[in-house]
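For reference, the chains in residue letters:
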Amino acid sequence: MHRVKNVQYNEEDLYDDDEVDEGQGEEQLTQEDRDNFANLTPVVRAELEEAGLQASDREIQDALWNYYWDVGKSVNYLKNSRTPRPQRQASKKDAKAKSKFDQAAEKAETGCAGEGWVRKFSAAERRDFAMPPLSAAEWFQGVPWTGLSPSIRGNLVPAEPVRPRPRLLGGSSKLAKLAEERRKRNAAAAASPEVEVPASNGALSALDRLASIKDGKENDKPAATTQAEPRKYPIRKKREPTPPPREPTPPPAPAEPQEEAPDLRASPTAFGRTLSTSPRQHPTSTMHLKDVLGASSQSDPFNAPSPDDVVMRAQQHSKAVSNTSTKQASTKGLERQTQALNLDADATPQQAKVRSKGLDVPRLWAEEKSKRKPSAAFVVIGHVDHGKSTLMGRLLLDTGAVAQRDIDKYQKAATELGKSSFALAWVLDTDPQERERGVTVDIAQHHFSTDTADFTILDAPGHRDFVPNMIGGAAMADMAVLVVDANQLDSGMKGQTREHVLLAKAVGLKKVVVAVNKMDDTKPTAWREAAFEAVRDEVRSFLTTSGFGEEDVLVVPCSGLGGENVVKAPSSMGAAAWVAKCNPTLLQALERSIPSETESKTVTQPFRMQIADVFRGSIQNPLSVAGRIVAGHVQVGDSILVQPSGETAAIRALDVIDEPRDFAVAGQIVTLHLQDIEAQHLRSGDVVCDPKRPVHLRKSFEAVVEAVDPLLPQAVDIHIGRLHAPGRIERLVEVMGSETGRKKPRIVRQGQKAKVKLTFEDAASSGFPLVDGEKVVLRAAGATVGYGVVDAA
Ligand SMILES: Nc1nc2c(ncn2[C@@H]2O[C@H](COP(=O)(O)OP(=O)(O)OP(=O)(O)O)[C@@H](O)[C@H]2O)c(=O)[nH]1
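Residues numbered from 1 in each chain as written. Predicted model: local features only at pLDDT ≥ 70, side-chain atom pairs only at ≥ 80, totals over all residues. Heavy atoms only, no water.

The name given to the protein chain in an unreviewed UniProt entry is Tr-type G domain-containing protein, with Baudoinia panamericana as the source organism. The record in UniProt for the protein chain states the following under Catalytic activity (unreviewed entry): "GTP + H2O = GDP + phosphate + H(+)". One UniProt comment on the protein chain, placed under Sequence similarities (unreviewed entry), says "Belongs to the TRAFAC class translation factor GTPase superfamily. Classic translation factor GTPase family. EF-Tu/EF-1A subfamily." (UniProt positions renumbered as here; feature names shortened; annotations may be inferred.)

K.L.:
Which parts of the structure should I look at to understand the sheet that holds strand 3 (residues 454–459)?
P.N.:
Within a beta sheet, neighbouring strands are joined by backbone hydrogen bonds and run either parallel or antiparallel to one another. Across the sheet, which stays open at both edges, the 6 strands sit in the order 2-3-1-4-5-6 with mixed pairing between neighbours. Unpaired on one side and paired on the other, strand 2 (444–449) and strand 6 (553–557) mark the two borders of the sheet. Averaged over all pairs of adjacent strands, the angle between their axes in this sheet comes to 25°, without regard to strand direction. Bridge count between strand 2 and strand 3: 6 bridges; the pairing is antiparallel. Along strand 3, the bridge assignment pairs His447 with Thr456. Its contacts with the sheet place helix 24 (residues 496–506) against strand 1 (375–381) and strand 4 (479–485), and it is angled at close to 170° to strand 4. Most of the contacts of helix 25 (residues 529–545) go to strand 6, to which it runs at about 160°, and overall it touches strand 4, strand 5 (511–517) and strand 6. (Pairing = 2+ DSSP bridges. Helix = DSSP H or I, 4+ residues; strand = E, 2+ residues; numbered from the N terminus. Axes fitted to C-alpha atoms, helices over the stretch in contact; angles between N-to-C directions. Contact = heavy atoms within 4.5 Å.)

K.L.:
How should I be thinking about the packing of helix 4 (residues 57–66) against helix 5 (residues 71–82) in this particular structure?
P.N.:
Relative orientation and spacing of two packed helices are given, respectively, by the angle between their axes and the distance between those axes. Closest axis-to-axis distance for the helix 4/helix 5 pair is 8 Å, and the angle between their directions is 130°. The pairing of helix 4 with helix 5 is recorded here as oblique in orientation. Seen from above, helix 4 lies across helix 5 with right-handed handedness. Contacts between helix 4 and helix 5 pair Glu59, Ile60, Ala63 and Leu64 from the former with Val71, Ser74, Tyr77, Leu78 and Arg82 from the latter. A class-by-class count of the residues in the contact of helix 4 with helix 5 yields 6 nonpolar, 1 polar and 2 charged. (Parallel < 35°, antiparallel > 145°, perpendicular 65-115°, else oblique. Left-handed = near helix turned anticlockwise from the far one by under 90°. Nonpolar A, V, L, I, M, F, W, Y, C, P; charged D, E, K, R; others polar.)

K.L.:
Mind showing me how you'd approach the packing of helix 22 (residues 467–474) against helix 24 here?
P.N.:
For the pair helix 22 and helix 24, the least separation of the axes is 10 Å and the interaxial angle reads 35°. Here the hand of the crossing between helix 22 and helix 24 comes out right-handed. Side by side, helix 22 and helix 24 meet where Val467, Met470 and Ile471 of the first sit next to Gln496, Glu499, His500, Leu503 and Ala504 of the second. Residues of the contact of helix 22 with helix 24, tallied by class, amount to 5 nonpolar, 2 polar and 1 charged.

K.L.:
I'm lost on the nonpolar core in this one. Help?
P.N.:
The tendency in soluble globular proteins is for nonpolar side chains to be buried as a group. By size, the foremost hydrophobic cluster in this structure holds 44 residues, and its most contacted members are Val379, Leu458, Leu482, Val514, Val516, Val539 and Leu543. Secondary structure elements with two or more residues in this core: strand 1, helix 22, strand 4, helix 24, strand 5, helix 25, strand 6 and helix 26 (577–582). Per element, the largest residue contribution to this core is 5 residues, and it comes from helix 25. Lining this core are residues from two domains, each supplying at least three of them: domain 2 (375–592) and domain 4 (697–790). Those residues within four positions of Leu482 in sequence are excluded, and the remaining contacts are Ile381, Gly382, Thr497, Val501, Val512, Val513, Val514, Ala515, Val539 and Leu543. Membership of the second largest hydrophobic core comes to 35 residues, among which are Leu395, Leu397, Val556 and Cys558. (Core = buried A, V, L, I, M, F, W, Y, C linked by side-chain atoms within 4.5 Å. Buried < 20%, exposed > 50% of the residue type's maximum accessible area, 1.4 Å probe, protein only. Domains from an automatic or database assignment.)

K.L.:
For this particular structure, what's the right way to read helix 20 (residues 404–416)?
P.N.:
Each α-helix winds once per 3.6 residues, and so residues spaced three or four apart point in a common direction. For helix 20, with 13 residues, the first-to-last C-alpha span of 18 Å sits near the 18 Å given by 1.5 Å per residue. Downstream of helix 20 by a residue or two, Gly418 has a phi angle that is positive, lying close to 75°. (Expected span 1.5 Å × (residues − 1).)

K.L.:
Where do I start with the pattern of salt bridges in this structure?
P.N.:
It is possible for side chains of opposite charge to pair when their charged atoms get near one another. For the coordinates displayed, the defined rule picks out 20 salt bridges. The salt bridge involving Lys373 is made with Asp454; its shortest N-O contact spans 3.6 Å. Within this pair, whereas Lys373 is found in the loop between helix 18 (361–368) and strand 1, its partner Asp454 is found in strand 3, the two being separated by 81 residues in sequence. Its salt-bridge partner being Asp686, residue Arg683 comes within 3.2 Å of it at the nearest N-O pair. Through salt bridges with shared partners, a single network forms among Asp360, Arg363 and Glu367. (Salt bridge = Lys/Arg side-chain N within 4 Å of Asp/Glu carboxyl O.)

Right under this line is the structure:
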């Protein structure tokens, strides 16, 4: 019996550090290497089979690898390695050379008496002779240094650095030959510069470059010197990656000017970008605001050139710079732009403050009424992938708001991404991520007009992760378009359709147009009337039980992909013939659902708008905010207060539906181009208001809410339009309705209305701008738990 010491080994202990994982090596193969393997392996195999020999793929490929794809050499090598070599007869010379010591050692080794006799042991005998396995301790027992005290034990330091084990077939002399051949080829190539080294063979050409650089330096050295370097050559690209060639150090490049990142608290979202798609605007500027706006406003605004003068001057200066110093200008990006703007020069003024024209906006608005078409903004809601963006793309295409050539362009690009069916959706999903994932992330805004109305589309994301964005979009809308896939009723009503309908209600929308979409895909046949009726009845009943009036809900069948019954009614022939008999088109349904115009009394209230987005537009308008005016009006030149930052700004220009205007009123979705404010004081969810009638900040407030889920004092996310902040239900004040008067309940049951006290979590902040009557949504753990209105701010 023998003792076996259980010696623990790490995986790393079992493998040589120099070994490079085969798989890893494979990953370093270039495409050309793989092609070569694929093409040449069968050729070598055929040659071997002709000679009656066999070899595995691996052997063939190793040979090809080591002979640099030389089929002849590889075949020879494999043939030789397969042909048994005749036993070399010991020559007399060898015999003579053998010393007596060697002969004695030979005898001892074979364990036989007679010379040249080799005893063949049977397997059983061999087993008997086999030593019992030894533990590490047993193996080293008796070795003197095992007993040494650690304090006097030396460290075993190899005299030379450990080299990787040679792994090349043919050994170093062959490698040396290969290296020599390669070097000669390089020399020839260098002599005829027009011969290009193929770039595709990355590692080899890198080696070539390395060799040639070296050669270049060592031109005058004798060949023998260079021959001493073969080991550097075929270092296995496969096992040990070739180091990148050492290119001569380039002269230090002139430092690129560092672009200072703007300190935006809220970066522009897809929504912001769509708002800034006015043809007059340019891609987002990355210029530092301070440079563009100037450090402070001027006391006399007319003491300086106008903004147009600034741009003209900058353009002229730009030309001058490029003429006098083309080289310099071509190498420096932002620096050139900055020089061209000549921001530091005396001639470059700060932006002149735009003066208000002092318009009587309510009067003008009333006077314009007869010239205005009815208008509405609608939010497009529904479960993910039910076809919201595609349907809106179709609407924009068929109303002429988007050109067919743009759709063709999207079609081409989408096909390249393998998402050809998303071409129409790409009109609204402009973010590369949205396009790649085929999922809307943020609200997209587009406008279109018909002969009788103007519409703004707010395309909301259907995915549950982006519900906060959906709430922000819905809060800006007059009505909703609910898109339901005719074939996915179950998942639709159980998924985001249900929550979106609740949220549409929560933010105060009254009118809903239901588009029963993908009618071209109903089973078992397209445009099955019964399928439409089933969906219509189900959705209608859900909407009415959710609080929407029967007369406020219109349901239409359609196909966004094919375009039937979106803008045009389907043909009176064919499977969809029944549609035109009793159903309006989607467009007709929209026109019928436009709510009556904003009442004039709202226009005379103090100005208030929640910021939906902050973004940078052009040099003229470097900082802009967008949103829907909730109350009042503004005009160019007005001062506004931003809450909660408490900073003021001036409106230097404003756009309504991408058109520059002098003023805007409640109900309009606008872009305000600001000056005299830094970007860090603005973020989406903030409120801009009249400085004389400011919206006050609240750290806590009461709200009357309806419980979607049972409510307790608990943590919630508080959503007020685009604002969402963590908070908690501090107190359940009172249950309303049939149980009026019941104070301090311990729980608000599902469906009950209650007054609750809410507190924002961020105690350090000065609070958030709130107004009595604003709609509030409470969410917890990714689901809506209640909604209502701010009661006592
Ligand atoms: N057959 C058919 N497919 C459609 C129709 N409308 C959309 N689709 C397809 O449905 C898929 C999803 O379309 P989207 O428009 O991205 O859906 P969505 O609801 O906007 O998705 P999210 O914005 O991510 O919520 C795409 O593959 C569309 O081609 C339709 O009318 N018929």
